[in-house]
Each structure stands twice: as structure tokens, then as C-alpha cells.
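Spelled out, the chains give:
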Amino acid sequence: QVQLVESGGGLVQPGGSLRLSCTASGFAFSSYAMSWYRQAPGMERELVATVTSGIGNTNYADSVKGRFTISRDNAKNTVYLQMNNLKPEDTAVYYCNARRAWNAFWGQGTQVTVSS
């Protein structure tokens, strides 16, 4: 049974930091590209960051470059999103995604709220 379980969301003040985690089970984690997406109320889901399988190349949305860092630990079947200098516009539900060829899996999401 495939599972992606996100954790680490919460309420943080502008300028603060959070680290999201997504722990996977039920599939060959190391062979999948892993991504974080987010969806704000009334908005479409958008890609935030991706780390590839293999050598682990990373890509980021322009809106988070220099503030967010995606990483993966294949020994722990876990992908992380370190979020620094958070802004109110980062408020959204953050989703973990695993993708390989035509297979894609999603987590249930974790809420991140940036507010003073």
C-alpha cells in the first residue's frame, strides 16, 4: 500500500522558518522524483520544488528560490522542504508528490500559515 505522510506544517510569523517532512512507504522511493506542491485557497495547485532520483538534481519555483531547500534521504524514504524567510503569500496546503514515468502518488497535505 502506497503512503506519503507529510508533517511539520503549522503557524509561523513572517520571516520565520519551518521544515516539512514527507515519509514514503509501499514503493521504490529512491527511483522516484519527489516534489512539493502547494495550493492556496481559491488558487490552482502549483509546483514548489523537485528533487530527482539518482544524483538528486533540484529545481525551484521562482517565488521560493533562495528561501526554500528541498532534499531527500533515501535511507529514510523521506523528502524534506526547508522553508526560510517565510512570507504571508507562502500560506497554503503543502503536498508531497512522488513521480516516475506514468506513476504518481500524493500525500494528504499539511497546512502552512504565515501570519503575524
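All of the points below concern the structure found in this document.

Let us look at the side chain of Arg 67. Considering the arrangement of structural elements, one finds Arg 67 in the loop between β6 (58-60) and β7 (68-73). Beyond its immediate stretch of four places on either side in the chain, Arg 67 contacts Gln 82, Met 83, Asn 84, Asn 85, Leu 86, Lys 87 and Asp 90.

Take the pattern of salt bridges next. Pairing between side chains becomes possible if they bear opposite charge and their charged atoms approach one another. Counted by the stated rule, this structure contains four salt bridges. Taking the shortest distance from any N to any O, the salt bridge between Asp 90 and Arg 38 comes out at 2.9 Å. Within this pair, whereas Asp 90 is found in the loop between β8 (78-83) and β9 (92-100), its partner Arg 38 is found in strand β4 (residues 33-39), the two being separated by 52 residues in sequence. Each member of the pair Asp 90 and Arg 38 is classed as buried. Its salt-bridge partner being Asp 62, residue Lys 65 comes within 3.2 Å of it at the nearest N-O pair. Per residue, the accessibility class of Lys 65 equals that of Asp 62, and both read exposed. The structure contains a network of salt bridges with shared partners spanning Arg 38, Glu 46, Arg 67 and Asp 90.

For Ser 35, the location among the structural elements is in strand β4. Take Ser 35: its relative accessible area is 2%, and that puts it in the buried class. Within the local environment of Ser 35, its side chain forms a polar contact with the side chain of Thr 50, the two groups lying 2.7 Å apart. Once residues within four sequence positions are removed from consideration, Ser 35 is found in contact with Leu 47, Ala 49, Thr 50, Ile 70, Tyr 95, Cys 96 and Asn 97.

This paragraph deals with the sheet that holds β8. Taken together, four strands build an open sheet; the order of strands is β1-β3-β8-β7 and the sheet is antiparallel. Lying at the two open borders of the sheet, with one neighbouring strand each, are β1 (3-7) and β7. When strand polarity is set aside, the average angle formed by the axes of neighbouring strands in this sheet is 15°. Sheet analysis places β7 next to β8, joined by six bridges and oriented antiparallel. Bridge pairing in β8 places Asp 73 opposite Thr 78.

What counts, and where the lines are drawn
Residues numbered from 1 in each chain as written. Predicted model: local features only at pLDDT ≥ 70, side-chain atom pairs only at ≥ 80, totals over all residues. Heavy atoms only, no water. Helix = DSSP H or I, 4+ residues; strand = E, 2+ residues; numbered from the N terminus. Contact = heavy atoms within 4.5 Å. Salt bridge = Lys/Arg side-chain N within 4 Å of Asp/Glu carboxyl O. Buried < 20%, exposed > 50% of the residue type's maximum accessible area, 1.4 Å probe, protein only. Polar contact = N/O pair within 3.5 Å; in protein donor to acceptor, adjacent residues only side chain to side chain. Pairing = 2+ DSSP bridges. Axes fitted to C-alpha atoms, helices over the stretch in contact; angles between N-to-C directions.

Note that all results are geometric; they support no functional claim without further evidence.
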